[in-house]
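Each chain, letter by letter, is given below.
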There are 2 protein chains.
Amino acid sequence: MARIRNENSPSRQALLDAAIALMIERGTIEVSLSEIGERAQLNSALVKYYFGGKRGLLTAMVDDIVKKGIAQMSGLLDMKLSPAEKLKIHIKGVIRLYFRYPFINRLIHSMLEDPEQSKHVAKTISIPLATTQMALLKEGIDCGDFKDIDPMMFYFQVIGACEQIFFAKNTLKYAFGVQEIDDSLQRNYANALVKLVLGGLEVERSDIAAPAVIPE
Amino acid sequence: MARIRNENSPSRQALLDAAIALMIERGTIEVSLSEIGERAQLNSALVKYYFGGKRGLLTAMVDDIVKKGIAQMSGLLDMKLSPAEKLKIHIKGVIRLYFRYPFINRLIHSMLEDPEQSKHVAKTISIPLATTQMALLKEGIDCGDFKDIDPMMFYFQVIGACEQIFFAKNTLKYAFGVQEIDDSLQRNYANALVKLVLGGLEVERSDIAAPAVIPE
């Protein structure tokens, strides 16, 4: 792990912002330290100073991006909304994050391959995300809105479904003829997933939902 | 693309089988040509002869494994089963493939990063898989069993959900304390996904499913 110095330094943040901007523009995480330094108008040696190197910078980027998302999601739990509404916001939020930062899943996947970094991912992303989801599911199950499902299975299935379209961009291109994911596609993708998941999760209230049958 | 020589040669198949066995044992695709040669009791130079090199061998492995799965899935369409039953078999089949060949998604992902290889993945895997799924969904929609959904969204969401637990093994370990995916876990995972997906996809037949209400 890189030593963390001056977590709030403007130069540190400028390097993070430059790296994020470059990776969004290029659609790849292969960006050199000198390019990052140039974009931030700072000496690229500062990357080593603040983050201990490129790997530390990548970790800090993921933390920076995901931290805000995780904080918003735990805030969801306290809102005065139905569990289904909360889950809808949760799923749309995860998909929007992948849409805004197209390199993020590639980055997280590469971290997951490394035993040390994958512990960090678990601590800062997977555990908080799974904990929020679990609380949300419990709320829905307790009030009888949701079926009693296994939150671990749900976690992997929903996160996998959220990220797949962003990960498999070449499949999108060659198998479906879609060249890029624009805002409208990411919204449609989120809406389709919300429908599928809530349809599978919500308890059918046939006593409320079914149209009245008039006996002959 | 590697030139294909003697597609049916026993030595070629022996090299493929050796590579698959080693990758299953080791849980990684980082296996050297000399190790593969040794396991197959063949000169590792034959890898270059049959497959043009390691990359060609990896492509041939994916083809070999996935081909059978794809053939089984298209066979599904002609079976005398309800669309829901067919979809159940389809989802369980995809998950079992990831379970039996734990390296396969890592391999496919690394191919998807390369423009040339990703065209090959699209042609041999994604397009046949998506085509089968589409036909299966159409059958269910036409007979009124399934809701009218977008097959492209469904494709990414279901495939993403199928593979995530196998891809994020370190998350499984560090966030959920599960050390490995055994046969029972893969079955439970498949059953949970089938329930979620069919629950979201099937048209509620409240006229059939709802318990009879006796008017007072």
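Residues numbered from 1 in each chain as written. Chains lettered and ligands numbered in written order. Predicted model: local features only at pLDDT ≥ 70, side-chain atom pairs only at ≥ 80, totals over all residues. Heavy atoms only, no water.

1. Some points on the overall build of chain A
Phase 1: Counting its regular elements, chain A contains 11 helices and 0 strands.
Phase 2: Order of helices (α) and strands (β) in chain A, N terminus to C terminus: α-α-α-α-α-α-α-α-α-α-α.
Phase 3: Overall size of chain A, expressed as C-alpha extent along the three principal axes, is 85 × 40 × 30 Å.
Phase 4: Burial statistics for chain A: of 216 residues in total, 46% are counted as buried.
Phase 5: Contacts in chain A between residues at least 24 apart in sequence constitute 71% of all its contacts with a sequence separation of at least 6.
Phase 6: Between the mean site of the 26 positive side-chain charges and the mean site of the 26 negative ones, chain A shows a separation of 7 Å. (Helix = DSSP H or I, 4+ residues; strand = E, 2+ residues; numbered from the N terminus. Buried < 20%, exposed > 50% of the residue type's maximum accessible area, 1.4 Å probe, protein only. Contact = heavy atoms within 4.5 Å. Lys, Arg positive; Asp, Glu negative; His and termini not counted. Charge placed at Lys NZ, Arg CZ, Asp CG, Glu CD.)

2. Description of the pattern of salt bridges
All names here are of chain B.
Phase 1: On inspection of all chains with the given rule, the structure shows 14 salt bridges over all chains.
Phase 2: For the salt bridge of E25 with R39, the shortest nitrogen-to-oxygen distance reads 2.9 Å. Of this pair, E25 sits in helix α1 (residues 10-26) while R39 sits in helix α2 (residues 33-40), and the two are 14 residues apart along the sequence.
Phase 3: Given the relative accessible area of 38%, R39 is considered partly exposed.
Phase 4: Across the pair K86 and E139 runs a salt bridge whose closest N-O atoms are separated by 3.0 Å. Taken together, the residues K86 in helix α5 (residues 83-100) and E139 in helix α7 (residues 115-142) connect sequence positions 53 residues apart. (Salt bridge = Lys/Arg side-chain N within 4 Å of Asp/Glu carboxyl O.)

3. Quick notes on the interface of chain B and chain A
Phase 1: With 46 residues of chain B in contact, the opposing surface of chain A contributes 46 residues.
Phase 2: For the chain B face of the interface with chain A, the top three residues by lost area are F156, Q157 and L196 of chain B, together amounting to 18%.
Phase 3: Between chain B and chain A we count 0 salt bridges in total.
Phase 4: Across the contact surface, chain B and chain A share 6 residue pairs in polar contact (both at pLDDT 80 or more). (Buried area = accessible area lost by both parts, 1.4 Å probe. Polar contact = N/O pair within 3.5 Å; in protein donor to acceptor, adjacent residues only side chain to side chain.)

4. What about the relation of the copies chain B and chain A?
Phase 1: Mapping chain B onto chain A leaves a residual RMSD of 0.0 Å; the transformation is a rotation of 180° accompanied by 0.0 Å of translation along its axis. Seen this way, the second copy is the image of the first under a two-fold rotation axis.
Phase 2: Looking at chain B, 100% of its interface residues are interface residues in chain A too, so the copies touch through the same face. (Least-squares fit on C-alpha atoms with pLDDT ≥ 70 in both.)

5. A look at the side chain of Q133 of chain B
Residues and elements named next belong to chain B.
Phase 1: Along the chain, Q133 falls in helix α7.
Phase 2: Among the residues examined, Q133 registers a relative accessible area of 1% and is labelled buried.
Phase 3: Excluding residues that lie within four positions of it along the chain, Q133 makes contacts with H90, P151, F154, Y155, V158 and I159.

6. Regarding the packing of aromatic side chains
Residues and elements named next belong to chain A.
Phase 1: Taken as a whole and assessed by the stated rule, the structure comprises 16 aromatic pairs over all chains.
Phase 2: A ring pair is formed by Y49 and Y50, whose centres lie 4.9 Å apart and whose planes are at 75°; its orientation type is edge-to-face.
Phase 3: In textbook terms, an aromatic cluster arises when at least three aromatic residues are bridged by ring pairs, as seen for Y49, Y50 and F51.
Phase 4: The side chain of R106 reaches across the aromatic face of F167, ending 4.9 Å from its centre. (Phe/Tyr/Trp six-rings, centres within 6.5 Å; stacked < 30°, edge-to-face > 60°. Lys NZ or Arg CZ within 6 Å of the ring centre and 35° of its normal.)

7. So, the environment of V47 of chain A
Residue and element names in this part refer to chain A.
Phase 1: Summarising the element assignment, V47 is placed in helix α3 (residues 45-51).
Phase 2: Since its relative accessible area comes to 0%, V47 is described here as buried.
Phase 3: C-alpha of V47 to C-alpha of G37: the two residues are 10 residues apart in sequence and 7.9 Å apart in space.
Phase 4: Setting aside anything within four residues of it in sequence, one finds V47 in contact with L15, L33, G52, G53, K54 and L57.

8. Some details on the packing of helix α8 (residues 151-167) of chain A against helix α8 (residues 151-167) of chain B
Phase 1: At their nearest, the axes of α8 of chain A and α8 of chain B sit 7 Å apart, and the two run at 125° to each other. In this view, α8 of chain A runs oblique relative to α8 of chain B, as classed from their interaxial angle. Considering the relative orientation of α8 of chain A and α8 of chain B, their crossing is right-handed. Side by side, α8 of chain A and α8 of chain B meet where F156, Q157, I159, G160, A161, E163, Q164 and I165 of chain A of the first sit next to F156, Q157, I159, G160, A161, E163, Q164 and I165 of chain B of the second.
Phase 2: Here the residues of the contact of α8 of chain A with α8 of chain B sort into 8 nonpolar, 6 polar and 2 charged. (Axes fitted to C-alpha atoms, helices over the stretch in contact; angles between N-to-C directions. Parallel < 35°, antiparallel > 145°, perpendicular 65-115°, else oblique. Left-handed = near helix turned anticlockwise from the far one by under 90°. Nonpolar A, V, L, I, M, F, W, Y, C, P; charged D, E, K, R; others polar.)

9. Focus on the side chain of N170 of chain A
Phase 1: Position of N170 of chain A among the secondary structure elements: in helix α9 (residues 169-176).
Phase 2: Residue N170 of chain A is classed as buried on the basis of its relative accessible area of 18%.

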